[in-house]
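Working through the structure, step by step
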Amino acid sequence: MVRAGLTTERVVEAAADLADEVGFENVTVSALARSFGVKDASMYSHVKSVQDLRSRIALLAAGEMVDRIATAVAGRAGKDALVAFADAYRAYALERPGRYRATHMQLDPDLVPESTARRTAEVTYGMLRWYGLSEPDLTDAVRLLRSTFHGYCHLEAIGGFGAPRGVQASWERALDALHITLEHWPRAEEDDRA
């Protein structure tokens, strides 16, 4: 029997909130049931398993994150778009740590809605279009940006920057350096596609 007022959307949203509070790895069906004051069995009307629950959190978070980034970069180009993209990415990672962690979960590609995957690619590649990159350089640039943003956000979140210089100043310098790198990207040769 489905408890009145509980919907799959509400359950997943509550699970995402719980992930932000206690950590993505600590989200369980039992913990979620306790937050609603119901038995575990009530949750299984909405999710199949803890894996299904976590996959749904990941999909919710991916959609939220790309929406935030898309809004930030709308109407911008070049360094302005890069900074807006990066700042929106960082803000989401720091404000929504459990959800952000969920976005790094390996999902079955068949579970990811085509619209989410397409929108993520459109926003990311659209931001990079100003730099005049084409494949395979686009893929390499996306990997550089993602690893830089993720590494910085992860280290910031765990207090990994111990130097007295403010993390915001370092962030801004990193974005300056990325912009210069993208402007002067070493173009791949045709035979270097491996």
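Bear in mind that the values here come from a model prediction, so they are computed numbers and not experimental data.

Looking now at the packing of helix α4 (residues 50-73) against helix α5 (residues 78-95). Each packed pair of helices is defined by two parameters, the angle between the axes and the distance between the axes. Packing of α4 against α5 leaves a shortest axis separation of 8 Å and a crossing angle of 145°. Relative to α5, α4 is oriented so that their crossing is right-handed. Together, Ala61, Glu64, Met65, Arg68, Ile69, Ala72 and Val73 of α4 and Ala81, Ala84, Phe85, Ala88, Tyr89, Ala91, Tyr92 and Glu95 of α5 make up the contact between the two elements. Grouping the amino acids of the contact of α4 with α5 by side-chain chemistry returns twelve nonpolar, no polar and three charged.

Turning our eyes to something else, we now look at the confidence of the model for the chain. When pLDDT is averaged across the chain, the result is 91; 95% of the residues are at 70 or more. When pLDDT is averaged over each helix and strand of the chain, the minimum, 84, is found for helix α3 (residues 40-43) and the maximum, 98, for α5.

What follows covers helix α8 (residues 137-157). Between the first and last C-alpha of α8 there are 30 Å, a value that for 21 residues agrees with the 30 Å anticipated at 1.5 Å per step. Residues of α8 that are buried sit in contact with α5, α7 (114-129) and α9 (167-183). Positive backbone phi, at 75°, marks glycine 159, one or two positions downstream of α8.

Attention shifts here to the packing of aromatic side chains. For the structure on display, the rule yields seven aromatic pairs. With a centroid separation of 5.4 Å and an interplanar angle of 55°, the aromatic rings of tyrosine 89 and phenylalanine 149 are classed as tilted. Of this pair, tyrosine 89 sits in helix α5 while phenylalanine 149 sits in helix α8, placing them 60 residues apart in sequence. When its relative accessible area of 1% is taken as the criterion, phenylalanine 149 is described as buried. With 5.0 Å between their ring centres and 55° between their planes, tyrosine 152 and tryptophan 171 make a pair best called tilted. Here the residue tyrosine 152 occupies a position in helix α8, and tryptophan 171 occupies one in helix α9, the gap between them amounting to 19 residues. The two residues tyrosine 152 and tryptophan 171 agree in class, both being buried. Members of the aromatic cluster, each reached through a chain of ring pairs, are Phe85, Tyr89, Tyr100, Phe149, Tyr152, Phe161 and Trp171.

Between its first and last C-alpha atoms α7 spans 21 Å; for 16 residues at 1.5 Å apiece the expected length is 22 Å, and the two agree. Taken together, the buried positions of α7 are occupied by Thr116, Val123, Thr124, Met127 and Leu128. Down the axis, α7 shows its buried residues gathered within 130° of arc, on one side only. Facing away from the buried side of α7 by more than 90 degrees, the exposed set consists of Glu114 and Arg129.

This part covers the pattern of salt bridges. As enumerated under the stated definition, the model contains 15 salt bridges in all. Across the pair aspartate 20 and arginine 99 runs a salt bridge whose closest N-O atoms are separated by 2.5 Å. Of the two residues, aspartate 20 sits in helix α1 (residues 8-22) while arginine 99 sits in helix α6 (residues 97-102), which places them 79 residues apart along the sequence. You'll find aspartate 20 and arginine 99 in the same group, each marked buried. Linking aspartate 52 and arginine 56 is a salt bridge whose minimum nitrogen-to-oxygen distance equals 3.2 Å. One end of the pair is aspartate 52 and the other is arginine 56, both in helix α4 and four residues apart, which spans about a single turn. With relative accessibility at 16%, the residue aspartate 52 sits in the buried group. Taken together, the shared-partner salt bridges in this structure form one network comprising Glu13, Asp17, Asp20, Glu64, Arg96 and Arg99.

What follows deals with the nonpolar core. Residues Ile69, Leu82, Leu128, Leu145, Phe149 and Leu182 are the most contacted members of the largest nonpolar core, which totals 32 residues. Top element by residues in this core is α5. It accounts for nine residues. Other than its neighbours up to four places away in sequence, leucine 82 contacts Met127, Tyr131, Leu145, Phe149, Leu175, Leu178, His179 and Leu182. Grouped together as the second largest cluster of nonpolar side chains are 21 residues, Ala19, Val27, Val38 and Ile57 included.

Basis of the calculations
Residues numbered from 1 in each chain as written. Predicted model: local features only at pLDDT ≥ 70, side-chain atom pairs only at ≥ 80, totals over all residues. Heavy atoms only, no water. Axes fitted to C-alpha atoms, helices over the stretch in contact; angles between N-to-C directions. Helix = DSSP H or I, 4+ residues; strand = E, 2+ residues; numbered from the N terminus. Left-handed = near helix turned anticlockwise from the far one by under 90°. Contact = heavy atoms within 4.5 Å. Nonpolar A, V, L, I, M, F, W, Y, C, P; charged D, E, K, R; others polar. pLDDT = per-residue confidence, 0-100. Expected span 1.5 Å × (residues − 1). Phe/Tyr/Trp six-rings, centres within 6.5 Å; stacked < 30°, edge-to-face > 60°. Buried < 20%, exposed > 50% of the residue type's maximum accessible area, 1.4 Å probe, protein only. Arc of directions from axis to C-beta. Salt bridge = Lys/Arg side-chain N within 4 Å of Asp/Glu carboxyl O. Core = buried A, V, L, I, M, F, W, Y, C linked by side-chain atoms within 4.5 Å.

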